[in-house]
Amino acid sequence: QVQLVESGGGLVQPGGSLRLSCTASGFTFSYAAMSWVRQAPRKGLEWVSDISSGGGSTYYADSVKGRFTISRDNAKNTLFLQMNSLKPEDTAVYYCAKANVPVAPVVPPGGYDYWGQGTQVTVSS
């Protein structure tokens, strides 16, 4: 069965960095675009970033552009999110999501068919 397992979250001071990972199994990882989505306390889901199946196309929300970098290692079935210059407003549960299309950005009629369990990122002094 499809599994997406995030790791790498934690508590970091403002201005710090974290690298999230999402290890995938149960499907052909290199065939699917992947995304990071976050949910801050008491708020709805916020799209963060997309990457195409081959990794050649990436897209970012304006709120993280220039600070976050999405990447993937298809040989290791792993998705990454490098987060630099973190701000308190980046505090959220971060989810990786598998798209049902290979291209990015993931837009209708494409969508997400599997999600990880999430990893907590807290930015606080």
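Here the structure is shown first, and the text comes after it.
The structure displayed is predicted, hence computed values, not measured ones. (Residues numbered from 1 in each chain as written. Predicted model: local features only at pLDDT ≥ 70, side-chain atom pairs only at ≥ 80, totals over all residues. Heavy atoms only, no water.)

**Q** I'd like a rundown of the state of the cysteines, residues and numbers included.
**A** Scanning the model with the defined rule gives one disulfide in all. A sulfur-sulfur separation of 2.0 Å characterises the disulfide bridge that pairs Cys-22 with Cys-96. Its torsion about the S-S bond being 50°, the disulfide of Cys-22 and Cys-96 is classed as right-handed. Here Cys-96 lies in strand E9 (residues 92-99) and Cys-22 lies in strand E3 (residues 18-25), a separation of 74 residues in the sequence. Taken individually, Cys-22 and Cys-96 each receive the classification buried, so the pair is uniform in this respect. (Disulfide = S-S within 2.5 Å. Helix = DSSP H or I, 4+ residues; strand = E, 2+ residues; numbered from the N terminus. Buried < 20%, exposed > 50% of the residue type's maximum accessible area, 1.4 Å probe, protein only.)

**Q** Could you give an account of the environment of Glu-46, with specific residues and numbers?
**A** Mapped onto the fold, Glu-46 is located in strand E5 (residues 45-51). Sequence-wise, Glu-46 and Tyr-94 are 48 residues apart; in three dimensions their C-alpha atoms are separated by 9.5 Å. Discounting chain neighbours no more than four positions away, the residues touching Glu-46 are Val-37, Arg-38 and Ser-63. (Contact = heavy atoms within 4.5 Å.)

**Q** Tell me about the nonpolar core, residues and numbers included.
**A** Formed by 27 residues in total, the largest nonpolar core has its most connected members in Trp-36, Phe-68, Leu-79, Leu-81, Met-83 and Tyr-94. Only E3, strand E4 (34-39), E5, strand E7 (68-73), strand E8 (78-83), E9 and strand E11 (119-123) provide two or more residues apiece to this core. The leading source of residues in this core is E3, at four residues. Apart from the residues within four sequence positions on either side, Leu-81 is in contact with Leu-18, Arg-19, Leu-20, Trp-36, Val-48, Phe-68, Thr-69, Ile-70 and Tyr-94. (Core = buried A, V, L, I, M, F, W, Y, C linked by side-chain atoms within 4.5 Å.)

**Q** Can you lay out the packing of aromatic side chains for me, pointing to particular residues and giving the numbers?
**A** Tallied over the entire structure, the rule returns three aromatic pairs. Both rings, one in Phe-27 and one in Phe-29, keep their centres 6.2 Å apart while their planes meet at 55°; by these two values the pair is tilted. Accessibility classification places Phe-27 together with Phe-29 in one group, the buried group. Seen from their ring centres, Tyr-95 and Trp-115 are 6.4 Å apart, and the 80° between their planes marks the pair as edge-to-face. Of this pair, Tyr-95 sits in strand E9 while Trp-115 sits in strand E10 (residues 112-115), placing them 20 residues apart in sequence. The exposure class of Trp-115 is partly exposed, given its relative accessible area of 38%. (Phe/Tyr/Trp six-rings, centres within 6.5 Å; stacked < 30°, edge-to-face > 60°.)

**Q** Explain the sheet that holds E8 residue by residue, including any values.
**A** Within the open sheet, the four strands sit side by side as E1-E3-E8-E7. Their pairing is antiparallel. In this open sheet, the two strands that pair with only one neighbour each are strand E1 (3-7) and E7. Geometrically, the sheet is characterised by an average inter-axis angle of 15° between neighbouring strands, direction not taken into account. As paired elements, E3 and E8 share six bridges and run antiparallel to each other. Within E8, the position partnered with Leu-20 by the bridge is Leu-81. (Pairing = 2+ DSSP bridges. Axes fitted to C-alpha atoms, helices over the stretch in contact; angles between N-to-C directions.)

**Q** Go over the side chain of Ser-21 with me, naming the residues and quoting the values.
**A** Note that Ser-21 resides in strand E3. Sequence-distant contacts of Ser-21, that is, excluding residues within four places in its chain, are made with Val-5, Glu-6, Ser-7, Trp-36, Thr-78, Leu-79 and Phe-80.

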